[in-house]
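Now for the letters of each chain:
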Amino acid sequence: MKNLRKDVLILTSHSIKERMVDPLVTIIIPVYNAEKYLEKCLNSVLNQTMSEIEVIVVNDGSKDSSEEMALKYSRIDPRLRVITQENSGPSAARNRGLREAKGEYICFYDADDWVLPEAVAELYSVAERTNADIVISSYYRVVGNFIRHSPFVDKEQVIGVETEKRLLYQAFVESKSGIIPIWNKIYRKELLLSQGITFDEGKKNAEDFLFNLMAFTKAKTITIIPNAFYYYNEDTMQSLTRSYRKNDIDTHLVWRSGIMEYMKLWAIDNVENKRIINRQTIYWTLYALTNLYSPKNKDGLPTKNQEALRIMALPEIRAAFSDAKYFDLAPIARLGAAAINSQNVNKLKHFAYLDRWLIRYPKKVIKMVLFPILGLRGQIKKRMVKGVTN
């Protein structure tokens, strides 16, 4: 990984004048209480090898020093503009930035991530060379000190006809790495404006997924490259997964509703794909219910049970779990599926506690709980004895 320059705030007046050009690319960054990460993000963006950029930071009602930090950068580099609004969510912030954008292309970055210096130049160059409405790149996943490359393709692919686009549509169905995020892409602004493609401000979850469903459907040419430029900071996501998130299932249901609708539009709503969606719904539901019974959820047990019953009764959930018999579910998932199919909240509660223990103490749970429940202990002993005698 290349070291990012730390000299953004000591630019000379000569270099500033050189950078005051008409932008070819607008980078939109919604910011909400991001003081811990924002400096690294802005350093990486303002140190792009491509100078013809503008950076729009939309401060979405931050209560920390994020706005002050962004304004400090804007006073040094005039390519950066700060727009402050009342807290309205990332969708409204991105739409505000899109309305203000002057570039021919748009990039959407998150305030807790960062990019390599050549990121914008490379994406812009590919878009121009292949006449693409959207360019997709690979990216890096960052967890602590570990960085993992998440490749999307092995070589460049230019997709321009409907039969080829179906491969991308299938990637949406299967939630392939790199297809859903907005931050590893560059979009032609004319595509977004002419087709009225914006972020749904009424949705609190999966808004980037819905945005891409519309954009991919309307795009005439989409280019995919194997190069990775974007560093996705999973530390912030890890902190979220360790906390309780209310209405966690609603995020998935937005995704499910969107992909089911577009599967019909794309003419790929076959039985196999519906089962792929149902399998994802099963695992997402089990995850959401485990989260519901998290000790960090301070609701009382009756409230938790009532919410669990509501989730289990949802028609989308019932439809998905009716397909559970077609899948080779993990043993712990089979326990959860059985509880949901029987609408037994007590069994479900026990599954959730067991699932959390399995995450924290996997060897103990497998040895002391799962083996006896599934009748595996005796089978394993028999196999071991048979192996010794043979």
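Cut-offs and rules
Residues numbered from 1 in each chain as written. Predicted model: local features only at pLDDT ≥ 70, side-chain atom pairs only at ≥ 80, totals over all residues. Heavy atoms only, no water. Helix = DSSP H or I, 4+ residues; strand = E, 2+ residues; numbered from the N terminus. Contact = heavy atoms within 4.5 Å. pLDDT = per-residue confidence, 0-100. Salt bridge = Lys/Arg side-chain N within 4 Å of Asp/Glu carboxyl O. Buried < 20%, exposed > 50% of the residue type's maximum accessible area, 1.4 Å probe, protein only. Arc of directions from axis to C-beta.

### Quick word on the side chain of threonine 251
Next, step 1: Its location among the elements puts threonine 251 in helix α10 (residues 248-265).
Next, step 2: In this structure threonine 251 touches Asn205, Ala206 and Trp284, once residues within four positions along its chain are discounted.

### Here's the deal with the confidence of the model for the chain
Next, step 1: Here the chain shows a mean pLDDT of 84. Residues at 70 or above account for 83%.
Next, step 2: A low-confidence stretch, residues 238-243 (pLDDT under 50), is modelled with 6 contacts involving residues beyond four sequence positions or located in other chains.
Next, step 3: In the predicted structure, residues 374-390 sits below a pLDDT of 50 and forms 7 contacts with residues beyond four places in sequence or in another chain.

### Topic: the pattern of salt bridges
Next, step 1: Applying the stated rule across the entire model yields 12 salt bridges.
Next, step 2: A salt bridge links arginine 94 to glutamate 207, with the nearest nitrogen and oxygen atoms 3.9 Å apart. Of the two residues, arginine 94 is situated in helix α4 (residues 90-100) and glutamate 207 in helix α8 (residues 207-218); the sequence distance between them amounts to 113 residues.
Next, step 3: Arginine 94 sits in the buried class, given a relative accessible area of 6%.
Next, step 4: Its relative accessible area of 10% is what places glutamate 207 among the buried residues.
Next, step 5: Among the ionic pairs, arginine 141 bridges to glutamate 234, the shortest N-O distance being 2.6 Å. With arginine 141 in strand β6 (residues 134-143) and glutamate 234 in helix α9 (residues 234-241), the pair connects residues that are 93 residues apart, well separated along the chain.

### Regarding helix α3 (residues 66-76)
Next, step 1: Among all positions in α3, only Ser66, Met69, Ala70, Tyr73 and Ser74 are buried. Projected onto a plane normal to the axis of α3, the buried residues spread over an arc of 140° and lie on a single side. Seen from the buried face of α3, the exposed residues on the opposite side, beyond 90 degrees, are Glu68 and Arg75.
Next, step 2: Contacts made by the buried residues of α3 are with β1 (25-31), α2 (38-46), β2 (53-60) and β3 (80-85).

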